Amino acid sequence: MKIEKAENITFAWWNTSLSPFAKSRATESDQKLALDIIGYMISTSKVDFIALGEVSEGDIAFFKKHGILNGYEIKVGVASIGRSKFDTCYIFNPNKIFVSSLSNIVSNRGSGKLKIAQKLDLVVEGFETPVHVFVSHWPSRLWCNENGAERHFLGLRLRDAIDDLIEFYKFNPYIILLGDYNDEPFDKSLSEQVMATRDLNLAKKRKHLFYNPFWKYLSINYSDFGASGSYYYKSGKLTQWHTFDQIIFSHAFLTSPVWSLCGTNDYIVNVPGYMGLVKSNNSIFDHLPVAGRLVRGVVNG
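Let me sum up the structure you'll find in this document.

Cut-offs used in this document
- Residues numbered from 1 in each chain as written.
- Predicted model: local features only at pLDDT ≥ 70, side-chain atom pairs only at ≥ 80, totals over all residues.
- Heavy atoms only, no water.
- Salt bridge = Lys/Arg side-chain N within 4 Å of Asp/Glu carboxyl O.
- Helix = DSSP H or I, 4+ residues; strand = E, 2+ residues; numbered from the N terminus.
- Buried < 20%, exposed > 50% of the residue type's maximum accessible area, 1.4 Å probe, protein only.
- 1 Å grid on protein atoms, 1.4 Å probe; cavity = no way out; pocket = protein on both sides within 12 Å on 5 of 7 lines; lining within 4 Å.
- Points joined across faces, edges and corners; volume = space filled by probe spheres on them.
- Nonpolar A, V, L, I, M, F, W, Y, C, P; charged D, E, K, R; others polar.

### Structural notes on the pattern of salt bridges
Scanning all chains against the criterion turns up 8 salt bridges. Among the salt bridges present, the one from Arg151 reaches Asp183, with a minimum N-O distance of 2.9 Å. Here the residue Arg151 occupies a position in helix H3 (residues 149–169), and Asp183 occupies one in the loop between strand S10 (174–180) and helix H4 (188–194), the gap between them amounting to 32 residues. Here the two residues Arg151 and Asp183 agree in accessibility, since each one is buried. For Arg159, the salt bridge identified is with Asp163, shortest N-O distance 3.0 Å. Linking Arg159 with Asp163, this pair stays in helix H3, spanning 4 residues, or about one helical turn. Looking at Arg159, the relative accessible area reads 5%, which means it is buried.

Structure, rendered in structure tokens:
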């Protein structure tokens, strides 16, 4: 393992829509387009760690066979959990990141199992202690009501896993939460149960809080390319845009003397030509990639 000195490190999440529940529905053309988008994130957006959702082992095999991944490595996260599956994989730059472990966080509820997150422990260049990434893809609101008890349960169990980690360290570790929560930043599962706030200054002062920068995508056309969120629901009655895909940072990232959140980060990745597919009724794609960048040094604001 060769870890090189880095001036920035970027983490990303993308719900590819290729294979919900790891059951492939994608054509080879869809897989090729997904690979092109991954290639864009690597070569142009300079992403070092990409978590992908809704992929199957067949999709991953396609990426490996036809990939233009520039030396990046792939770690499979697809795993059966009861009658469901984790449908994830991870693509990362081995010159900056080493994946030391991957584990599934699952909780029983009644006769079923809920997928809370996958936890990856990373050795990251520039960090004296590991960086812990919790990757979640919570149930669709079609199957799990937005105000239902299960959504609170998901948030509570994710927070329990976070608190277990904090208790283990006896100090505030570096933790990143990312994924498709099928909840907005203001929904109680994230804002109250996980304790992810929009208030950067408060998150800096209170060690138990997480900072969620995705609140800013709740306003119309925040981005310069017309996105008002990360997920486009073509049949929406009140709104078509939802901010379901998010990256959330622990207190340690806000107070580190070595690393800071990039002040000019757009968070939602604008892949040329992709927005048209997201809005098209003839496309399976409906999520935009999201990315968060860390830079060396202290950034104000």
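### Quick word on empty space enclosed by the protein
In this structure the tally under the stated criterion is 2 cavities of 30 Å³ or more. As a volume, the largest cavity reaches approximately 70 Å³. When contributions to the lining of the largest cavity are tallied by element, the ones reaching two or more residues are strand S5 (84–86), strand S8 (112–124) and strand S9 (131–137). When the residues that make up the lining of the largest cavity are grouped by side-chain class, the tally is 4 nonpolar, 3 polar and 3 charged. Taken together, Ile166, Asn172, Pro173, Ile175, Lys207, His208, Leu209, Phe210, Ser250 and His251 make up the lining of the second largest cavity. Broken down by class, the residue content of the lining of the second largest cavity amounts to 5 nonpolar, 4 polar and 1 charged.

These figures capture arrangement, not role.
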